[in-house]
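Inside the fold
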Amino acid sequence: MASAPDDEQDPGPARDDAPDAASAAAPDDVIREPGDVAPDTTEGEGGEARRTDFAGATRPIEGGERPGRQAALVYNPTKVDAASLRATVTRLSAAAGWTEPLFYETTVDDLGDEITREALAADADAVLVAGGDGTVRAVSEAMCGSGVPLAIVPSGTGNLLARNLRLPLAEPEAMVRAVFDGDTLPMDVGWSKLGRADGTSEEHAFVVMGGIGLDAAMIANTNPQLKKTVGWVAYVDGAARALPGAKPFRVMYELPGHRLHSARVQSVLFANCGSLPAGLDLIPEASVADGALDIVIFQPKGPLGWLLVWRRVAWDNSFLRRFRAGRRVLALRTKDNAVRYSRGAGIELAATEAHPVQLDGDEFGEAVTVNIRVDPGALLVVLPKGHDTKGL
């Protein structure tokens, strides 16, 4: 008898111990042959456990196990007790079951934004920042839109964002602990695109407030050593230096959805927060989570105009508004134009010549155009458990 072709081989005699096909196929009545099921690994691949990122790239996991959650601390070594803070973060990380934290120090050349991006690239589950307002601003800029929680450990002299969030200023351990058992709040972030006189431009974030004009000149004239010694009070000295030469300047500005305006101003502020040190409420109704920025235009005329500015900020906003009777007085008072308030998604502004700009209390050179926009809920900030968010 001729042999069967290669693709039709004689299966040979039936085996007595062969399983019953019907029972072997239960419960779905389909008999699975080895070739019907795709292998778990691709040919040439080992069986080592791997971790994949959002794009599908694979990374081996040491020991074949997924590492625990990990925090990263970004700190300014001139503003904190580095050894004590690192020990606190390490101790509380271990107590929460997290792995050993990552530590990054800021430098003169890196205020915190680049090393924060390194922490995010290392898949940090939370980032803590300890430093001055400039460090908090730089780290927040890098964290914007990441979805990773940011815990602010109050340090330095101003602590403007921490004050506006009403965080415990004298209890750094409370903010470290909040990383592991606290709450989070999606906070707005402001972005400022600065156009220089030479035609170049750059964009930076701010979390508290920025400005062009006299307020920036005041900061530029503040003695750094005096600020280090007496804190925010040094800005009084800066103001005394800046005021004698302060002159109003012409700007064209427009808020989204509004008409173009022209005005002579001393300063234009764009704010995400409203409170300043010493209990001063520059913008009592400002909110970090309303999806909008507050615009303040200072245009005093002469010494009387400056008195009206001071009355509005130090007396009306910071004192009278706290009481029902005071609010009734303010409702009856005739409005003045020394300080004008607006609110919106941002502002576009152009000046006839370059003027100094500040963001969160740091100098950012001079600009002839400023384009401000808000990024709603872009920064996830950590709050202590049960923290009162009313008014934030």
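For the structure given in this document, a descriptive report is provided here. Within every chain, residues take consecutive numbers counted from 1 along the sequence as written. Where local features are concerned, this predicted model is filtered to residues with pLDDT of at least 70; where side-chain atom pairs are given and counted, the filter is 80 or more; whole-chain, interface and lining totals use all residues. Hydrogen atoms and water are omitted, and side-chain values are computed over all heavy atoms in the structure.

1. Quick word on the packing of aromatic side chains
- Working definition: a ring pair exists when centres of Phe, Tyr or Trp rings (six-membered ring for Trp) sit within 6.5 Å. Plane angles under 30 degrees give stacked, over 60 give edge-to-face, the rest tilted. Counted by the stated rule, this structure contains 2 aromatic pairs.
- Ring centres 5.6 Å apart and planes at 55° place the aromatic pair Phe206 and Phe270 in the tilted group. Separated by 64 residues along the polypeptide, Phe206 in strand β8 (residues 201-206) and Phe270 in strand β12 (residues 267-271) bring together distant segments of the chain.
- Remark: exposure states derive from per-residue accessible area (1.4 Å probe, protein chains only) relative to the maximum for the residue type, with buried under 20%, exposed over 50%, and partly exposed in between. Phe270 gets classed as buried once you look at its relative accessible area, which sits at 1%. Segments assigned H or I by DSSP are reported as helices when at least four residues long, segments assigned E as strands when at least two residues long, and all are numbered from the N terminus.

2. Concerning the nonpolar core
- Put simply, buried Ala, Val, Leu, Ile, Met, Phe, Trp, Tyr and Cys residues joined by side-chain atoms within 4.5 Å make one nonpolar core. Val127, Leu128, Leu161 and Leu165 are the most contacted members of the largest nonpolar core, which totals 64 residues.
- In what follows, residue pairs with any heavy atoms lying within 4.5 Å of each other are defined as contacts. When near neighbours in sequence (up to four residues on either side) are disregarded, Val127 contacts Ala72, Val74, Leu120, Val139, Met143, Val148, Pro149, Leu150 and Ala151.
- Within the second largest apolar cluster, 24 residues are counted, among which are Val265, Phe270, Val357 and Val374.

3. Considerations on the pairing of strand β3 (residues 71-75)
- Taking burial as the measure, the 5 residues of β3 include 5 buried ones, the bulk of the element.
- Summarising the sheet, β3 and strand β5 (residues 126-131) pair through 5 bridges and their orientation is parallel. Looking at the pairing, Val74 lines up with Val129 of β5.
- Of the pairings in the sheet, the one linking β3 to strand β4 (residues 102-105) comprises 4 bridges and is parallel in character. In the sheet register, Val74 faces β4, and the bridge partner there is Tyr104.
- We call a crossover right-handed when, viewed with the strands running away from us, the connection from the first strand over the helix to the second turns clockwise. Note that the unit made of β3, helix α2 (residues 82-95) and β4 has a crossover that is right-handed. DSSP calls a pair of strands paired once it identifies at least 2 bridges connecting them.

4. Let's talk about the side chain of Ser155
- You can see Ser155 is positioned in the loop between β6 (150-154) and α5 (160-164).
- Apart from the residues lying within four places of it in its own chain, the contact partners of Ser155 are Lys79, Val80, Ala130, Gly131 and Gly132.

5. Comments concerning the packing of α2 against helix α6 (residues 172-181)
- All axes here are fitted lines through C-alpha atoms, helices being fitted over the stretch that makes contact, and every angle between N-to-C directions spans 0 to 180 degrees. Taken N-terminus to C-terminus, the directions of α2 and α6 make an angle of 30°; their axes are 10 Å apart at the nearest point. Comparing the axis directions of α2 and α6 gives the class roughly parallel. α2 and α6 meet at a crossing whose hand is right-handed. Residues Leu85, Thr88, Val89, Arg91, Leu92 and Ser93 of α2 touch α6, and the partners they reach there are Glu173, Val176, Arg177 and Phe180.
- Ten residue types, Ala, Val, Leu, Ile, Met, Phe, Trp, Tyr, Cys and Pro, are classed as nonpolar, four, Asp, Glu, Lys and Arg, as charged, and the remainder, Gly among them, as polar. Its residues placed into classes, the contact of α2 with α6 shows 5 nonpolar, 2 polar and 3 charged. Roughly parallel refers to an angle under 35 degrees, roughly antiparallel to one over 145, roughly perpendicular to one between 65 and 115, and oblique to any angle outside these ranges. Crossings are sorted by hand: turned counterclockwise from the far helix by less than a right angle, the near helix makes the crossing left-handed, and turned clockwise it makes it right-handed.

6. Considerations on the environment of Gly213
- One can find Gly213 in strand β9 (residues 209-213).
- Between the C-alpha atoms of Gly213 and Glu366, which are 153 residues apart in sequence, the distance is 9.3 Å.
- Among residues more than four places away in sequence, those in contact with Gly213 are Phe249, Gln266, Ser267 and Pro356.

7. Here we look at the pattern of salt bridges
- Salt bridges are defined as contacts in which a side-chain nitrogen from Lys or Arg sits within 4 Å of a carboxyl oxygen from Asp or Glu. Per the counting criterion, the structure on display carries 10 salt bridges.
- For the salt bridge of Glu141 with Arg137, the shortest nitrogen-to-oxygen distance reads 2.8 Å. Linking Glu141 with Arg137, this pair stays in helix α4 (residues 133-143), spanning 4 residues, or about one helical turn.
- In this structure Glu141 comes out as buried when scored by relative accessible area, which is 11%.
- A relative accessible area of 5% places Arg137 in the buried class.
- Arg343 is the salt-bridge partner of Asp294, the closest N and O atoms lying 2.8 Å from each other. In this pair, Asp294 is assigned in strand β15 (residues 293-298) and Arg343 in strand β16 (residues 339-344), connecting sequence segments 49 residues apart.
- In this structure Asp294 comes out as buried when scored by relative accessible area, which is 3%.
- When its relative accessible area of 40% is taken as the criterion, Arg343 is described as partly exposed.
- Among the charged side chains, a salt-bridge network with shared partners connects Arg91, Glu173 and Arg177.

8. Some remarks on unusual backbone geometry
- The phi angle at Asp123 is positive, at roughly 65°, despite the residue not being glycine.
- Considering the arrangement of structural elements, one finds Asp123 in the loop between α3 (113-121) and β5.
- Taking relative accessible area as the criterion, Asp123 reaches 35% and is therefore assigned partly exposed.
- The backbone of Arg166 shows a phi angle near 55°, a positive value even though the residue is not glycine.
- Tracing the sequence through the fold places Arg166 in the loop between α5 and α6.

9. A look at α6
- When α6 is considered as a whole, its buried residues turn out to be Met175, Val176, Ala178 and Val179. Seen end-on, α6 carries its buried residues on one side only, within an arc spanning 150°.
- The elements touched by buried residues of α6 are α2, β5, β6 and β18 (362-383). The arc refers to the directions leading from the helix axis to the C-beta atoms.

10. What about α3?
- Within α3, the full set of buried residues consists of Ile115, Thr116 and Ala119. When α3 is viewed along its axis, its buried side chains cluster within an angular range of 105° and face the same direction.
- Looking at the buried side of α3, the elements it contacts are β3, β4 and α4.

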